[in-house]
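# Summary of the model geometry
Take a look at the letters that make up each chain.
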Amino acid sequence: MNTISRHFTGRRRTDVKLPPGQHLERGFPVLQTGATPKVRTETWTFTITTEIGERHRWDWDQFMALPAEEITADIHCVTSWSKLGTSWRGVSLDVLLDGVTTEAAYVMAKSSDGYTTNLPLADLRDGQAWVAFEYDGRPLRTQHGGPARLLVPHLYFWKSAKWVIGLDLMRTDSRGFWEKLGYHDYGDPWREQRYQGD
Amino acid sequence: MARAAVSGRLISGPRPWLVGTVKALTDETATARTLALDAPGWPGHLPGQHADVRLTAEDGYTAQRSYSIASAPMADRLELTVQRLDDGEVSPYLAGFAEPGDQFDLRGPIGGWFTWSPPPEPAEPPEPAEPAEPSEPAATESVEPAGAELKPLMLLAGGSGIVPLMSMIRAHGAAQSKVPVGLIYSVRSPSDVIYASELSERSVSSPLSVTYLYTRAAHRGVPPGRINAAVIATSAFPPDSSPDIFVCGPSGFVEAATSLLVEAGHEEGSIKTERFGPTGT
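Residues numbered from 1 in each chain as written. Chains lettered and ligands numbered in written order. Predicted model: local features only at pLDDT ≥ 70, side-chain atom pairs only at ≥ 80, totals over all residues.

### Here's the deal with the overall build of chain A
Along chain A, the regular secondary structure elements total three helices and 11 strands. For chain A, the succession of helices and strands along the chain, N to C, is β-β-β-α-β-β-α-β-β-β-β-β-β-α. In terms of overall size, chain A behaves like a compact globule, its C-alpha atoms giving a radius of gyration of 17 Å where 198 residues would be expected to give roughly 16 Å. Seen along its three principal axes, the alpha-carbon backbone of chain A occupies a region of about 60 × 35 × 35 Å. Out of the 198 residues in chain A, the part that is buried amounts to 38%. For chain A, contacts bridging at least 24 residues in sequence account for 63% of all contacts bridging at least 6. (Helix = DSSP H or I, 4+ residues; strand = E, 2+ residues; numbered from the N terminus. Rg over C-alpha atoms; globule rule 2.2 N^0.38 Å. Buried ≥ 20, exposed ≤ 12 C-beta atoms within 10 Å, placed from the backbone. Contact = placed C-beta atoms within 7 Å.)

### Some remarks on the interface of chain A and chain B
Listed by partner, the interface residues are 34 residues for chain A and 38 residues for chain B. Partitioned by chemical class, the residues of the side of chain A that touches chain B number 10 nonpolar, 19 polar and five charged. (Nonpolar A, V, L, I, M, F, W, Y, C, P; charged D, E, K, R; others polar.)

### Let's talk about helix α6 (residues 251-263) of chain B
Residue and element names in this part refer to chain B. With 13 residues, α6 extends 18 Å between its outermost C-alpha atoms, agreeing within 8% with the 18 Å of an ideal straight helix rising 1.5 Å per residue. Turning to α6, its buried residues number three or more, namely S251, F253, V254, E255, A257, T258 and L261. Residues of α6 that are buried sit in contact with β7 (153-158), β8 (181-187), α5 (229-235), β10 (244-250) and β11 (271-276). Looking at the residues trailing α6, positive phi occurs at G265, about 105 degrees. (Expected span 1.5 Å × (residues − 1).)

### Digging into helix α3 (residues 162-174) of chain B
For an α-helix, 3.6 residues make a turn, and residues three or four places apart therefore share a direction. Residues and elements named next belong to chain B. Here α3 contains 13 residues, and its C-alpha end-to-end distance of 18 Å stays within 8% of the 18 Å for a straight helix at 1.5 Å per residue. Of the positions making up α3, those classed as buried are I162, V163, P164, L165, M166, S167, M168, I169, A171 and H172. Of the residues flanking the end of α3, it is Q176, one or two places downstream, whose phi is positive at about 50 degrees.

### A closer look at the pairing of β7 of chain B
Residues and elements named next belong to chain B. In terms of burial, β7 is a largely internal element, six of the six residues being buried. The alternating pattern of β7 places L153, L155 and A157 and M154, L156 and G158 on opposite faces, both of which are buried. You can see the chain leave β7, run along α3 and come back into β8, and the turn it takes is right-handed. Here β7 pairs with β10 via five bridges, running parallel. When the bridges of β10 are listed, L155 appears paired with F246. (Right-handed = clockwise from strand over helix to strand, strands pointing away. Pairing = 2+ DSSP bridges.)

### Some points on the sheet that holds strand β3 (residues 55-59) of chain A
Residue and element names in this part refer to chain A. Here five strands make up an open sheet; going across it, the order is β3-β2-β11-β6-β7 and the pairing mixed. At either end of the open sheet lies a strand with only one pairing partner, and these are β3 and β7 (116-120). Mean inter-strand twist for the sheet, computed between neighbouring axes without regard to direction, equals 15 degrees. Sheet analysis places strand β2 (residues 45-49) next to β3, joined by five bridges and oriented antiparallel. Residue pairing for β3: T45 is matched across the bridge by D59. (Axes fitted to C-alpha atoms, helices over the stretch in contact; angles between N-to-C directions.)

### Notes on the domain arrangement of chain B
Residue and element names in this part refer to chain B. Split into domains, chain B comes out as domain 1 (2-110) and domain 2 (150-276). Relative to domain 2, the C-alpha centre of domain 1 lies at a distance of 24 Å. Across the boundary between the two partners, domain 1 contributes 15 residues, which contact 14 residues of domain 2. Of the residues assigned to the side of domain 1 that touches domain 2, the class counts are seven nonpolar, seven polar and one charged. (Domains from an automatic or database assignment.)

### Section: unusual backbone geometry
In this structure, P147 of chain A follows G146 of chain A across a cis peptide bond, with omega equal to 15 degrees. Residue position: P147 of chain A is located in the loop between β9 (138-139) and β10 (149-151). Residue P109 of chain B is bonded to the preceding G108 of chain B through a cis peptide linkage, with omega at 0 degrees. Positionally, P109 of chain B belongs in strand β6 (residues 103-110). Of note in the backbone geometry, H7 of chain A takes a positive phi value of approximately 70 degrees without being a glycine. The residue H7 of chain A is located in the segment before β1 (23-24) in this model. Judged by the 13 C-beta atoms lying within 10 Å of it, H7 of chain A is partly exposed. If you check the backbone angles, D126 of chain A has positive phi at about 60 degrees while not being a glycine. Judged by the 10 C-beta atoms lying within 10 Å of it, D126 of chain A is exposed.

Given below as structure tokens:
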């Protein structure tokens, strides 16, 4: 049961449907936990490590040679802003996971600054997730996770790890950086799964 | 142990919606207002954490935002300082229309990364042999080496980024902590300084030093300026003192300050940041 606040009317939008508790943002806020790491494409690699330790690794040139696609997606940050119709270019996880033999059910995404976030592997398949390297037609800026970030737009945006350098496939779920600090293990914005217990 | 359990609950415990009632309002600047709230059931917080506020109109329309907590930790009460944004939806209500007695929904505390609590004071010299609980193993994790240096606390605020840092300063004051605290506080002009008189009092009564930077208009005879390497060199604790560093403010300020700190030799891992506001793209 909500508490009614006197004199509050709000700024209503009836033309867009947002997940509960979200509001529209026109800019592109930056949220991160520390200094912006300098990640160079010359030394960047992306590594998928299976649950039995098999490694599948791409350097930048190999990664750029993979088939990429344009993505248009709405993104939802747990701090309550949403941004609609953002456009990206990236490599689908279906491409990257093709040829990876695994029985894992979960993934720990890892970033160059030590950041981690956990997701079900199924949420990275079937055209739901990418490693993105362009935003709005330009190379992805460092502040927004460049040169490459995970893009999983159907989950809250902290799952879309910036500066992503790899995925560890896991048989059982294990918590990443924010998940250990009280944020939800799955993070579906439409079910408003912001924090543990939601 | 008890301490760790309490902070664990504040980081990942249940966060039901509570009712917050406005008890008092304080205008801090022309655009920033502090709301002192009664919130029965509020579990307290760790300095640096925030709260989610949900406003509901009479017809059921809702809007939700996060606000940093300004007060030192207390049960059942908290203070939020809200900067009014002209194009905002929630801040014009909180920092404008809200009156004592008004109510809204509140949940938290949120966030377990951008937090600092005063370290426990070194234990008193042990009492002579109390043979009680002889089998109790020593709580090794709480034993600090004798004469351990206190890690200084370095705070860098841009605009209303001072709010979560003020919670740290107030918690430091409440604990009468001896940890040296340095604050570099960048605002547009002297009239935009939030908590000006309290900061000035605390810099006399506690080991706090404050450096102000005015980006648009300074005092007479003082040129305006932004954060730069010289300010970091003269006003920040040096890297070899291993300070805990917290930077909060608009994205441009945080980006500039963290880059300067890293260039000055501070470990990236010692710097925690919190940003607000869009960056364009």
